[in-house]
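Listed below, chain by chain, are the residues.
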Amino acid sequence: MTLGEWQIVWFTAWVSALSTLVILPFGLALAWALAWRDWPGKSIVETLVSLPLVMPPVATGLILLKLFGRRGAIGGFLHDRLNFDVIFTWRAVLLALSVMSLPLLVRSARVAFEEVNPRLEQIARTLGSGGWRVFFTITVPLAARGIVAGMILAFARALGEFGATIMVAGNIPGKTSTLSLTIFQDVQIGQDSSAFRLLGVSVVLAFAAVWFSEFLLRRKRKTR
Amino acid sequence: MSLLLKNISLPLESFALGMDVEVRGRVTAVFGPSGAGKTSLLDLIAGLRRAPSAFIQLDDRVLTDTAKHFSVPTHQRGIGYVPQDLALFPHLSVRQNLLYGCKPGGAAGRLFSFDHVIEILEIQPLTSRGVTELSGGEKQRVALARALLASPRLLLLDEPLASLDAPLKAKIIPYLTRIRDEFRIPMLCVTHDRSEALALADEIIVLVNGQVLQTGPVLDVFNRPASADVAAIAGVETLQAGVITDSHEGLATVKIHGATLTALAPATGTREVFVCIRGEDVILQRDAAASSVRNRLPARIMALRPEGALVRVELDAGFPLFALVTRPACAELALREGEPVTALIKTPAIHLVPR
């Protein structure tokens, strides 16, 4: 493995982990809101969240490109007012990975929240706990397995993201190159040995992620 | 303690819960068949459920007043709630469960000390265990202790004994009476079991299909049901339609099918009545010796059904009549199916309910 390859691996793992952390509070809040009874606009939010899961990633990437480009609604504002660019920087990678992996976290956490016996939350309230304390001491711990599973799924999705990333971040060596982008590029230009080395790393990362989730779940089961 | 439940109106699936009562007893049983809206009532008091109309006041503190769109949030109500499924937190140890509702800052804000509650309910040996390693009766005690340790002003118990078998019930009842006597905490206890209500409560609210049928001291309600519905669920064994044919000097002559009984005349002048007779008030006799008992009915034994230490005797006295006698008495009299006996019922033991 060359230094450049290590950097790509490091960057991909790091930005995937960061995107999982970034979407965690937002995803949990969304999952919780969706798990609760009906509110106006719920089905619209539900659909919007799941959209990146069913749309072609490249199409999602194109939407993000249009929104966050210098002439886009959000990107224009960020560039003009805050002199802050997203497109074709590492932030674009983070954005693409977050949007693409959010639905997986939300879906998994939502099911987990729905499975928490509401009676336990109610009785926690009669014991003097307000909404936040109930959420963090009862709801989240009881939904932990589903939340962890959702985080692993989101992280794995981020590791392998291709379509949306290449639209908003391009494939700029040393700046926005991720594992998937590099493997594709290596094969295109005939550097098969580099592609295979990165392939090996991907397999190891995937194994580690799945093993780690299984480990967490096993430990959780034991403490019950 | 005074718990005011006024203008309560809560639509449920097949009926509406409606009530207007003041609860004053130390332990009050909300008594009624399953599906009468009892749990919904507890949820309402605890603030876990909203009603279109409700005014709830505990002592001098208004908890809910829908007319003013006012409602104290559940966690500030100070009402302990032990639900039927107990709702122990499965991800916490027994000790963590117990401490969950404890106010921070030590014993100052607490009504009862941790050690005292643990001692009274005998759960010291359980504290290091996981919740799933407890037996039914142990879970029940932990749930009670957890609710008490949050220092509630009122304790709501939903069918505290329903999930336990008879021997365990007998074990848990003393703990509940200890809570009642030791901690002097008012309790509202939902039950559909007559013996449970008798063992625990001093006051009773009879709730059927969301409506309060009768309130009062437990024994009064059980012995003097105000209507046939109450009599039926309060477990009065014999309940027959009868007609008052004559009434003077406070005594009424009642005809049930072929038989004639003497009973205390009801206050109202109705002629059509339900006749309620409890099984333990029916005395069986082999020969027809003279006695002060006014009602002497020749009867035939239709069936003998042992119930624990007692035998339920089904008689045909012109109408179906049930008697409860002890097993030794049953043996001594050599009661057998098909044989004739004389059933004696004292006049005050026959309760007439207008129909």
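Shown above is the structure to which this text applies.
Predicted, not measured: the structure shown is a model, and the values here were computed from it.

Can you help me understand the pattern of salt bridges in this one?
For side chains of opposite charge, pairing can occur when their charged atoms come near one another. This structure, assessed with the given rule, holds 17 salt bridges over all chains. Glu22 of chain B is the partner of Arg24 of chain B in a salt bridge, and the nearest nitrogen-oxygen pair spans 3.2 Å. For Glu22 of chain B, a relative accessible area of 40% translates into the label partly exposed. Arg305 of chain B is the salt-bridge partner of Glu314 of chain B, the closest N and O atoms lying 2.5 Å from each other. Here Glu314 of chain B falls in the buried class, since its relative accessible area comes to 19%. Since its relative accessible area comes to 42%, Arg305 of chain B is described here as partly exposed. Where salt bridges share partners, they join Glu46, Arg110 and Glu114 of chain A into one cluster.

Teacher, can you tell me more about the packing of helix H6 (residues 118–126) of chain A against helix H7 (residues 131–142) of chain A here?
Helix packing for two helices is described by the angle between their axes and how far apart those axes are. Residue and element names in this part refer to chain A. Between H6 and H7, whose axes approach to 10 Å, the crossing angle comes to 160°. Judged by the angle between their axes, H6 and H7 are roughly antiparallel. Like other packed secondary-structure pairs, H6 and H7 cross with a definite hand, here right-handed. In this structure, H6 contributes Leu120, Glu121, Ala124 and Arg125 to the contact, and H7 contributes Val134, Ile138, Thr139 and Leu142. A per-class count over the contact of H6 with H7 returns 5 nonpolar, 1 polar and 2 charged.

Quick question: what am I supposed to make of the packing of aromatic side chains here?
For any pair of aromatic rings, geometry is given as the distance between the ring centres together with the angle between the planes. All names here are of chain A. On inspection of all chains with the given rule, the structure shows 9 aromatic pairs over all chains. Relative to Phe136, the ring of Trp132 has its centre 6.2 Å away and its plane inclined at 15°; by these criteria the two rings are stacked. Placement of the pair is Trp132 and Phe136 together in helix H7, with a separation of 4 residues, close to one helical turn. Phe136 shares its class with Trp132; the two are exposed. Ring geometry for Phe162 against Phe184: centres 5.3 Å apart, planes inclined by 75°, an arrangement best described as edge-to-face.

Please explain the side chain of Arg110 of chain A as it appears in this structure.
Within the fold, Arg110 of chain A resides in helix H5 (residues 90–115). A distance of 2.4 Å separates polar atoms of two side chains, one belonging to Arg110 of chain A and the other to Glu46 of chain A.

How should I be thinking about the nonpolar core in this particular structure?
A general feature of soluble globular proteins is that nonpolar side chains tend to end up buried together. Counting residues in each nonpolar core, the largest one holds 62 residues, and the members touching the most others are Leu3, Leu5, Ile45 and Leu156 of chain B. Membership of the second largest hydrophobic core comes to 49 residues, among which are Phe112, Leu126, Ile179 and Val206 of chain B.

Whenever I open this one, the interface of chain B and chain A confuses me. Can you help?
Often, the extent of an interface is quoted as the loss of accessible area on bringing the components together. With 22 residues of chain B at the interface, the matching set in chain A holds 19 residues. Between chain B and chain A, a total of about 1,800 Å² is buried, with carbon and sulfur atoms accounting for 63% of that surface. In terms of surface lost to chain A, no three residues of chain B exceed His75, His91 and Tyr100 of chain B, which account for 37% of the buried area on that side. At the boundary of chain B with chain A, the tally comes to 1 salt bridge. For Arg119 of chain A, the salt bridge goes to Asp43 of chain B, with nearest N and O atoms at 3.0 Å. Counting across the interface, chain B meets chain A through 6 residue pairs in polar contact (both at pLDDT 80 or more). Listed by contribution, the elements that provide at least two residues to the side of chain B that touches chain A are helix H1 (38–46), strand E7 (79–82) and helix H4 (136–149) of chain B. Top contributing element to the side of chain B that touches chain A by residue count: H1 of chain B, with 3 residues. Partitioned by chemical class, the residues of the side of chain B that touches chain A number 12 nonpolar, 7 polar and 3 charged.

The rules behind each value
Residues numbered from 1 in each chain as written. Chains lettered and ligands numbered in written order. Predicted model: local features only at pLDDT ≥ 70, side-chain atom pairs only at ≥ 80, totals over all residues. Heavy atoms only, no water. Salt bridge = Lys/Arg side-chain N within 4 Å of Asp/Glu carboxyl O. Buried < 20%, exposed > 50% of the residue type's maximum accessible area, 1.4 Å probe, protein only. Axes fitted to C-alpha atoms, helices over the stretch in contact; angles between N-to-C directions. Helix = DSSP H or I, 4+ residues; strand = E, 2+ residues; numbered from the N terminus. Parallel < 35°, antiparallel > 145°, perpendicular 65-115°, else oblique. Left-handed = near helix turned anticlockwise from the far one by under 90°. Contact = heavy atoms within 4.5 Å. Nonpolar A, V, L, I, M, F, W, Y, C, P; charged D, E, K, R; others polar. Phe/Tyr/Trp six-rings, centres within 6.5 Å; stacked < 30°, edge-to-face > 60°. Polar contact = N/O pair within 3.5 Å; in protein donor to acceptor, adjacent residues only side chain to side chain. Core = buried A, V, L, I, M, F, W, Y, C linked by side-chain atoms within 4.5 Å. Buried area = accessible area lost by both parts, 1.4 Å probe.

Functional significance is not addressed by these values, which are geometric in nature.
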